[in-house]
Amino acid sequence: VVIRRTAPSTKGQRVDLRITSSTVDERGTSTGTASVIIEVKGCWNEGVDESMDTQLVRRYMAESQCQHGVYLVGWFNSEKWDESDHRKGRAGRKTRDALQKNLMVQAVHLSDSTRVIRSCVFDCSW
């Protein structure tokens, strides 16, 4: 999904995932659609602590007028991670629990009566 074209010749900004589904009431009658934007980051990403607000909420959700967002961070820290991979050093800045708690608090603060944000730190360290 292209959120905003910066110039006619550019691809524009794209969300990682946007899911749109039909909605139904308790009787099974169609009531429209609901959408969620999912922003995905690796735990090594330099903006992992800020991008829920700056990228997901202020840019992608605001510009698409989507009211539901998920901030999904893949946790890749593992003893098997190649020491020469530059991402490994950036990923070890905090623990998985600390990151998860920080993102959960942010999601609560960014949610309101018209916008719902959830965060998830997914363990990919196998």
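Relevant structure appears above.
The rules behind each value
Numbers given to residues run from 1 along each chain, matching the order in which its sequence is written. In view of the model being predicted, local features appear only for residues whose pLDDT reaches at least 70, and side-chain atom pairs are presented and counted only at 80 or more, with totals across whole chains, interfaces and linings using the full set of residues. Computation of side-chain values covers all heavy atoms of the structure but excludes hydrogens and water. Aromatic pairs are defined between Phe, Tyr and Trp rings, using the six-membered ring for Trp, whenever the two ring centres lie within 6.5 Å; interplanar angles under 30 degrees are classed as stacked, those over 60 as edge-to-face, and all others as tilted. By definition, any uninterrupted DSSP run of H or I lasting at least four residues is a helix, any uninterrupted run of E lasting at least two residues is a strand, and each is numbered from the N terminus. Strands pair, by our definition, only if DSSP identifies at least two bridges between them. Any pair of residues with heavy atoms lying within 4.5 Å of one another is described as a contacting pair. To define axes, lines are fitted to C-alpha atoms, for helices over the stretch in contact only, and angles between the resulting N-to-C directions are given on a 0 to 180 degree scale. Remark: nonpolar core denotes a set of buried residues (Ala, Val, Leu, Ile, Met, Phe, Trp, Tyr, Cys) joined through side-chain atoms within 4.5 Å. For each residue, the accessible area found with a 1.4 Å probe, counting protein chains only, is set against the maximum for its type, and the residue is called buried under 20%, exposed over 50%, and partly exposed in between.

**Student:** Sorry if this is basic, but what is going on with the packing of aromatic side chains here?
**Tutor:** Per the stated rule, a full pass over the model turns up two aromatic pairs. Relative to Phe76, the ring of Trp44 has its centre 5.3 Å away and its plane inclined at 55°; by these criteria the two rings are tilted. Of the two residues, Trp44 is situated in the loop between β4 (30–42) and α1 (51–64) and Phe76 in the loop between β5 (68–75) and α2 (86–91); the sequence distance between them amounts to 32 residues. Their ring planes at 70° and their centres at 6.1 Å tell us that Trp44 and Trp81 sit as a pair that is edge-to-face.

**Student:** Help me understand the pairing of β5, please; the structure alone is not making it clear to me.
**Tutor:** Along any regular strand, the residues point their side chains to alternate faces of the sheet. The pairing of β4 with β5 spans six bridges and is parallel. Directly across from Val40, in β5, lies its bridge partner Leu72. As paired elements, β5 and strand β6 (residues 116–123) share eight bridges and run parallel to each other. In the strand pairing of β6, His68 is matched with Val116.

**Student:** Looking at this model, I keep getting lost on the environment of Val24. Mind explaining?
**Tutor:** Summarising the element assignment, Val24 is placed in strand β3 (residues 17–24). Apart from residues no more than four positions distant in its own chain, Val24 is found in contact with Thr29, Ser30 and Thr31.

**Student:** Even after reading the chapter, I still don't get the sheet that holds β4, so can you show me in this structure?
**Tutor:** Where strands meet in a sheet, backbone hydrogen bonds hold them as pairs that are either parallel or antiparallel. The sheet built from four strands is open, its strands ordered β3-β4-β5-β6 with mixed pairing. The open sheet is flanked by β3 and β6, the only strands paired with a single partner. For this sheet the average axis-to-axis angle between neighbouring strands, irrespective of direction, equals 25°. Of the strands in this sheet, β3, β4, β5 and β6 touch α1, which is tilted by about 150° from β4.

**Student:** Where do I start with the nonpolar core in this structure?
**Tutor:** The nonpolar side chains of a soluble globular protein tend to be buried with one another. Core analysis: the biggest nonpolar cluster contains 22 residues, and Met52, Val73 and Ile117 have the highest contact counts within it. Among the elements of the structure, α1, β5, α3 (96–110) and β6 are those that each provide at least two residues to this core. Tallying contributions element by element places α1 first for this core, with five residues. Apart from residues lying up to four places away in sequence, Ile117 is in contact with Met52, Leu56, Val57, Met61, Gly69, Ala107, Leu110 and Ser111.

**Student:** I tried to follow the environment of Val15 on my own but got confused; where do I start?
**Tutor:** Checked against the element boundaries, Val15 lands in the loop between β2 (13–14) and β3. Considering only alpha carbons, one finds Val15 and Leu56, 41 residues apart in sequence, at a separation of 8.4 Å.

Remember that the coordinates give geometry; whether it matters functionally is a separate question.
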